[in-house]
Amino acid sequence: MIEVEHVSRRFGPLLAVNDVSLTVERGTITVLVGTSGSGKSTLLRIINRLIEPTSGTIRIDGRDTAGLSGEELRRGIGYAIQGHGLFPHWTVARNIATVPTLLGWDRARIGRRVVELLELFELDPASYAGKFPHQLSGGQQQRVGVARALAAEPAVLLMDEPFGALDPIIRAKAQEDLLALQRRLGITVVLVTHDMEEAIHLGDRIAVMDGGEVLQYATPAEILAHPVPGFVEKLVGGADRPLRLLSLTRVADAVQPGEATGKPIADDATLRDALSDLLWSGAESLPVAAPDGTLRGRITLPAILRRAGRPA
Ligand SMILES: Nc1ncnc2c1ncn2[C@@H]1O[C@H](COP(=O)(O)OP(=O)(O)OP(=O)(O)O)[C@@H](O)[C@H]1O
């Protein structure tokens, strides 16, 4: 658990982070979202003390981080940034080994960990361990960046616009991979983005920042349904709000008994995907299938539309 209490950071006359308090529960993803210059990156870097707060307290699992040296703290916290920050003249294996090496792990353990992470990120160790960053695609560099951040098995992972440089298809895949990885490892993630879509998709909770302040800190559903008036409302209240709402619910939660014709949709797809399929096929309903292919019932247009409106 990360507890941020009344944290501020001043740069000369500018209050880049202004009296922010929020708690990130263990094993969840919190997304900091806001426009450029709203203080997201500064707040993120205060958590691992790349930037010292001017005032306020950060506790990680109950421990005040002010009592630790910055270096000691950062060895226990993964940090992945846009552009991936890989050392260009180091191989992929050496990049991933950075923190374990600093921690003095023995060579055999480091070697095992590098192979394990490359496999986890679907990069064949035999082909990729000895490559240099410039020999990888953007998506592969991004995965190596996250692999490096996770090398020493941190309980906390901080990510600053990690998918910002990726094209939309690779970005969607990277987001899915992060969700799967986070569920599997149970890590606590704080992620910075300026993309509300990404925040809604990834966040268990979202902190909307503007002018150094957190204006609202709540679940995506709460932020969509009840945005605080002003900046947050403007940010989420656009024409695609109903579609965003639909993207939060799985087909499994709206499935009805009965049959339908057409290509089945997976029960773990979102209602937004289901609406898309229905509109495209011109059908009123579609069959719903479990991962093993068993039919579970059907999803209908009216059932989807009921969930796209303003919540009561
Ligand atoms: N080292 C610094 N010295 C002076 N001002 C800084 C410094 N770092 C950040 N700032 C200022 O603090 C404010 C917040 O910056 P920050 O990088 O946290 O914003 P951000 O929300 O992450 O923006 P972006 O999305 O553009 O990265 C900005 O006005 C920025 O210019």
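In what follows, the structure referred to is the one given above.
These remarks concern the structure in this document. Computed from a predicted model, the values in this text were never measured in an experiment.

## Thoughts on the overall build of the chain
1) Next: Within the chain one finds 14 helices and 13 strands.
2) Next: Relative to the globule expectation of 20 Å for 312 residues, the C-alpha radius of gyration of the chain, 21 Å, shows essentially globular dimensions.
3) Next: The principal-axis extent of the C-alpha atoms belonging to the chain is close to 60 × 50 × 35 Å.
4) Next: Residue burial in the chain is summarised as follows: out of 312 residues, 36% are buried.
5) Next: By sequence separation, contacts in the chain at least 24 residues apart represent 63% of the contacts at least 6 residues apart.

## Here we look at the nonpolar core
1) Next: Ranked by internal contacts, the top residues of the largest apolar core, which has 72 residues, are L32, L158 and V190.
2) Next: When residues in this core are grouped by element, the largest group, five residues, is from helix α7 (residues 138-150).
3) Next: Leaving out residues up to four positions away in the same chain, L158 has contacts with L44, I47, N48, I77, G78, Y79 and V190.

## Examining the site of the ligand
1) Next: The full set of residues close to the ligand is F11, L14, A16, G34, S36, G37, S38, G39, K40, S41, T42 and H194.
2) Next: Of all elements in the fold, only β2 (14-24) and α1 (40-47) reach the threshold of two or more residues within the shell around the ligand.
3) Next: When residues in the shell around the ligand are grouped by element, the largest group, three residues, is from α1.
4) Next: Here the shell around the ligand is composed, by residue class, of three nonpolar, eight polar and one charged.

## Quick word on the sheet that holds strand β11 (residues 265-266)
1) Next: On the basis of which strands lie adjacent, the open sheet formed by three strands has the order β11-β12-β13 and mixed pairing. Both edges of this open sheet fall to β11 and β13 (295-300), since each of them pairs with a single strand only.
2) Next: Note that strand β12 (residues 285-289) and β13 share five bridges and pair antiparallel. Bridging across to β13, S285 finds its partner in T300.
3) Next: Here helix α14 (residues 301-308) sits on the sheet and contacts β12 and β13; the angle it forms with β13, its principal contact strand, is near 65°.

## Points about the sheet that holds strand β7 (residues 156-160)
1) Next: If you trace the six strands from one edge of the open sheet to the other, you get β6-β7-β8-β3-β9-β10, paired in mixed fashion. Where the open sheet ends on each side, the last strands, each with one partner, are β6 (77-81) and β10 (213-218). The average angle at which neighbouring strand axes cross in this sheet is 15°, direction not considered.
2) Next: Pairing of β7 with strand β8 (residues 188-193), which is carried by five bridges, proceeds in the parallel orientation. Paired with L158 across the strands is V190, a residue of β8.

## So, the packing of helix α13 (residues 271-281) against α14
1) Next: As a packed pair, α13 and α14 sit with axes 10 Å apart at the nearest point and diverge in direction by 135°. When the interaxial angle is binned, α13 and α14 end up oblique. Remark: the crossing between α13 and α14 carries left-handed chirality. Here α13 contributes L271, A274, L275 and L278 to the contact with α14, which in turn contributes L301, I304 and R307.
2) Next: For the contact of α13 with α14, a count of residues per class yields six nonpolar, no polar and one charged.

Procedures and definitions
- Residues numbered from 1 in each chain as written.
- Predicted model: local features only at pLDDT ≥ 70, side-chain atom pairs only at ≥ 80, totals over all residues.
- Helix = DSSP H or I, 4+ residues; strand = E, 2+ residues; numbered from the N terminus.
- Rg over C-alpha atoms; globule rule 2.2 N^0.38 Å.
- Buried ≥ 20, exposed ≤ 12 C-beta atoms within 10 Å, placed from the backbone.
- Contact = placed C-beta atoms within 7 Å.
- Core = buried A, V, L, I, M, F, W, Y, C linked by C-beta atoms within 7 Å.
- Near = placed C-beta within 6 Å.
- Nonpolar A, V, L, I, M, F, W, Y, C, P; charged D, E, K, R; others polar.
- Pairing = 2+ DSSP bridges.
- Axes fitted to C-alpha atoms, helices over the stretch in contact; angles between N-to-C directions.
- Parallel < 35°, antiparallel > 145°, perpendicular 65-115°, else oblique.
- Left-handed = near helix turned anticlockwise from the far one by under 90°.

No statement about biological role is implied by the geometric values presented.
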